[in-house]
Amino acid sequence: MSLALTVPWRRAAAWTPVLPAAAVVALLALPSAPASAGPADAASGLLVVYCLVRLVRDRRRPLSRTAAVVLGLPVAGLALAAMGAPSTAAGLGGLGRYLQIFVLVPAAVLLLIRGRADFRLLAWSFVGLALWQGALGVHQYVTRTGASYQGENIRAVGTFGAHDVMGMATVVALGLVCATGIALGRAPVRQRALAAGCALVLLPPLALSFSRGAWIATALACSVQLALAGMRRALKVLAALTAAGVVLVGGFGIGTTALQERIGSIARVADAPDRSVTDRYALWASAAAIWREHPLTGVGLKGFPQHRDGHATLALSSGSEVAGAGATYHRQPLLSPHNMYLLVLSEQGLIGLLGLAGSWLALLVCTLRRLRRLRARGPVLDCALVACGLLLWTLTDFAYGDIGGPSTLLTGMALGLVAWWALTGEEHGARGAHGRAVVPDGTPQRVEEAVTR
């Protein structure tokens, strides 16, 4: 009896360090008020404090030199941009948000993950959150209770509401990328089968989000994952996706006129752009003009809204229409260029972009280098595919969106997964004395168990 109770207790205790990180992801399932910090943001702060307490208690070195440099690259540029902000409150608020998403949360996740089992648990939490938000989104589409789109309340937004129409698309897309990576990797057969099923289930809510940027980023990330997994698996997955598409479109009628027009508009953005695309082009032009006047340091954190109108063309509208999903009709001002790279250029200048983009580029280089070494040894691990997919999705999506809203926190969690794989993953599986594998917390395991994990 005692042995039966001890084994599950030890298994739960082994996951204890990463459970707070999974809890932060789970809290994103709760509704959040617009333009305010939600429960997940508060939990992310507690996550960082929890990580610091563990480091002090265990007397561990916080980060390796490489990890400290890569994750710390944006700090100097952010501090400089905060000093140039329009107000002290805006500077401190913007600095805190950037540090949360790109430095503190990724570093905490990196330190709390101790092995592949922890990595998979956190990746599965992404999938679980995506399934929940996706189910709500499909229900909103079916019952016409979603956000307004072309005069109908059919846009799937989950719990994020009409004020954050990109929130559910981000969550579902990242969950789909995680599920695809697990399905194509070397996880146990049951996990791979379950992950493949989850990936197929997440396709309809992603489509019903009507987010062209999320579609493009997801298609690119999953295509790269398929290519890395091998041609045979790629063909099997493509066959399954084709069959699923036939069933969804032919059997369930998922392929409405609005969805078809949205898909077709991707190829018409240059010839006959709709209002949203026109506004985006105008915002991009405004951000580029702001940067040309302040090339090195930008106009300071949260300074774009104040300088936007002075550099915008007449094509820019007064705001986007928001309605549905429990929100009354109103026009929401366009306070960002909807392009992360241009937002950083306009507010932080070249100095800020070199810090942030340099950190992302370093993660990409380290990820691809480890991936190349791994491919030379045999099939690619699911952790590698998930990390590569998450990073590619994020960097691609930054060309169509920027940070903002509760779902942005998931970007920081994803960067933490990427950082673990890119910067510390080689430590896992290193052999210690007596033929055992040693994980970073110093707990020896049998080599066979480490490989299985």
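Look a little higher up for the structure.
Residues numbered from 1 in each chain as written. Predicted model: local features only at pLDDT ≥ 70, side-chain atom pairs only at ≥ 80, totals over all residues. Heavy atoms only, no water.

Chemist: Describe the overall build of the chain, listing the residues and the values that go with them.
Modeler: Along the chain, the regular secondary structure elements total 18 helices and six strands. Expressed as a percentage of its 453 residues, the buried residues of the chain come to 50%. Look at the contacts in the chain between residues 6 or more apart in sequence, and 75% of them connect residues 24 or more apart. A total of about 20,600 Å² of accessible surface is found on the chain, and carbon and sulfur atoms cover 65% of it. (Helix = DSSP H or I, 4+ residues; strand = E, 2+ residues; numbered from the N terminus. Buried < 20%, exposed > 50% of the residue type's maximum accessible area, 1.4 Å probe, protein only. Contact = heavy atoms within 4.5 Å. Areas by Shrake-Rupley, 256 points an atom, 1.4 Å probe, with all protein chains shown as cover.)

Chemist: Before we move on, could you go through the packing of helix H2 (residues 19–27) against helix H6 (residues 116–143) and cite the residues and values that matter?
Modeler: Packing of H2 against H6 brings their axes to within 9 Å, and their N-to-C directions diverge by 15°. The orientation of H2 with respect to H6, classified from their angle, is roughly parallel. Between H2 and H6 lies a crossing whose hand is right-handed. Every residue of H6 that contacts H2 at Leu19, Ala21, Ala22 and Val25 is listed here: Leu121, Leu122, Ser125, Phe126 and Leu129. By residue class, the composition of the contact of H2 with H6 is eight nonpolar, one polar and no charged. (Axes fitted to C-alpha atoms, helices over the stretch in contact; angles between N-to-C directions. Parallel < 35°, antiparallel > 145°, perpendicular 65-115°, else oblique. Left-handed = near helix turned anticlockwise from the far one by under 90°. Nonpolar A, V, L, I, M, F, W, Y, C, P; charged D, E, K, R; others polar.)

Chemist: So what's going on with a nonpolar patch on the surface? Which residues, and what values?
Modeler: A cluster of nonpolar residues, Leu80, Met83, Leu296, Leu350 and Ile351, forms a patch on the protein surface that exposes about 470 Å² of accessible area. Elements with a contribution of two residues or more to the nonpolar patch: helix H4 (65–83) and helix H15 (340–375). Positionally, Leu350 belongs in helix H15. (Patch = residues over 30% accessible without salt bridge, like charges linked within 9 Å, V, L, I, M, F, W, Y side chains within 5 Å. Salt bridge = Lys/Arg side-chain N within 4 Å of Asp/Glu carboxyl O.)

Chemist: Any details on H15? Residues and values, ideally.
Modeler: A rise of 1.5 Å per residue sets the reference length of H15, with its 36 residues, at 52 Å; its end C-alpha atoms lie only 32 Å apart and thus fall more than 12% short of the reference. The N-cap residue of H15 is Asn339: its side-chain oxygen and the backbone nitrogen of Tyr341 are 3.0 Å apart. (Expected span 1.5 Å × (residues − 1). Polar contact = N/O pair within 3.5 Å; in protein donor to acceptor, adjacent residues only side chain to side chain.)

Chemist: Give a detailed account of unusual backbone geometry, specifying residues and quantitative values.
Modeler: You will see that Arg144, though not glycine, has its phi angle at about 60°, which is positive. According to the relative accessible area criterion, Arg144 is partly exposed, its value standing at 42%. Here the phi dihedral of Phe210 falls at roughly 55°; this positive angle occurs in a residue that is not glycine. Looking at where Phe210 falls in the secondary structure, it is placed in the loop between helix H9 (203–208) and helix H10 (212–229). By relative accessible area, which is 0% here, Phe210 ends up buried.

Chemist: How would you explain the packing of helix H13 (residues 275–293) against helix H14 (residues 304–311) if you had to name every residue and give the values?
Modeler: Where H13 contacts H14, the axes come no closer than 9 Å and their chain directions differ by 100°. When the axes of H13 and H14 are compared, the pair comes out roughly perpendicular. Note on element contacts: H14 touches H13 through Phe304, His307, Arg308 and His311, opposite Leu283, Ser286, Ala287, Ala289, Ile290 and Glu293. Tallied by class, the residues present in the contact of H13 with H14 amount to five nonpolar, three polar and two charged.

Chemist: For the environment of Pro20, give the residues involved together with the corresponding values.
Modeler: Looking at the secondary structure, you find Pro20 in helix H2. Sequence-wise, Pro20 and Ser44 are 24 residues apart; in three dimensions their C-alpha atoms are separated by 8.8 Å. Those residues within four positions of Pro20 in sequence are excluded, and the remaining contacts are Leu47 and Tyr50.

Chemist: Talk me through the pairing of strand S4 (residues 327–332); I want residue IDs and the actual numbers.
Modeler: In this sheet, S4 lies alongside strand S3 (residues 320–324) in antiparallel orientation, the contact comprising four bridges. Along S4, the bridge assignment pairs Gly324 with Ala327. Counted along the chain from S3 to the antiparallel partner S4, the turn is two residues long, and its residue Ala325 has a positive phi close to 55°. (Pairing = 2+ DSSP bridges.)

Chemist: For the packing of aromatic side chains, give the residues involved together with the corresponding values.
Modeler: Tallied over the entire structure, the rule returns nine aromatic pairs. Each ring, one from Phe102 and one from Trp360, has its centre 5.5 Å from the other, and the planes form 50°; the classification is tilted. One end of the pair, Phe102, is in helix H5 (residues 88–112); the other, Trp360, is in helix H15, with 258 residues separating them in the sequence. With a centroid separation of 5.1 Å and an interplanar angle of 45°, the aromatic rings of Trp360 and Phe398 are classed as tilted. Of this pair, Trp360 sits in helix H15 while Phe398 sits in the loop between helix H16 (382–397) and helix H17 (408–424), placing them 38 residues apart in sequence. Given a relative accessible area of 6%, Trp360 falls into the buried group. Pairwise contacts between aromatic rings join Tyr98, Phe102, Tyr341, Trp360 and Phe398 into one cluster. Stacked on the ring of Trp421, the Lys or Arg Arg370 has its end atom at 3.9 Å from the ring centre. (Phe/Tyr/Trp six-rings, centres within 6.5 Å; stacked < 30°, edge-to-face > 60°. Lys NZ or Arg CZ within 6 Å of the ring centre and 35° of its normal.)

Chemist: Tell me about the environment of Gly230, and please be specific about residues and values.
Modeler: Note on placement: Gly230 falls in the loop between H10 and helix H11 (231–251). Along the backbone, Gly230 and Leu184 are 46 residues apart, and their C-alpha atoms lie at a distance of 9.0 Å.

Chemist: Quick rundown of the state of the cysteines? Include the residues and the values.
Modeler: Disulfides are covalent bonds that link the sulfur atoms of two cysteine residues. A complete count under the given rule lists zero disulfides for this structure. In this model Cys222 remains outside any disulfide bridge; the closest cysteine sulfur is found in Cys178, 10.0 Å from its own. Exposure remark for Cys222: the relative accessible area of 13% places this residue in the buried category. (Disulfide = S-S within 2.5 Å.)

Chemist: Give me the pattern of salt bridges: which residues, what numbers.
Modeler: According to the stated counting rule, one finds five salt bridges in the structure shown. Arg97 is the salt-bridge partner of Asp41, the closest N and O atoms lying 2.9 Å from each other. Residue Asp41 is located in helix H3 (residues 39–58), and its partner Arg97 is located in helix H5; the two are separated by 56 residues in the primary sequence.

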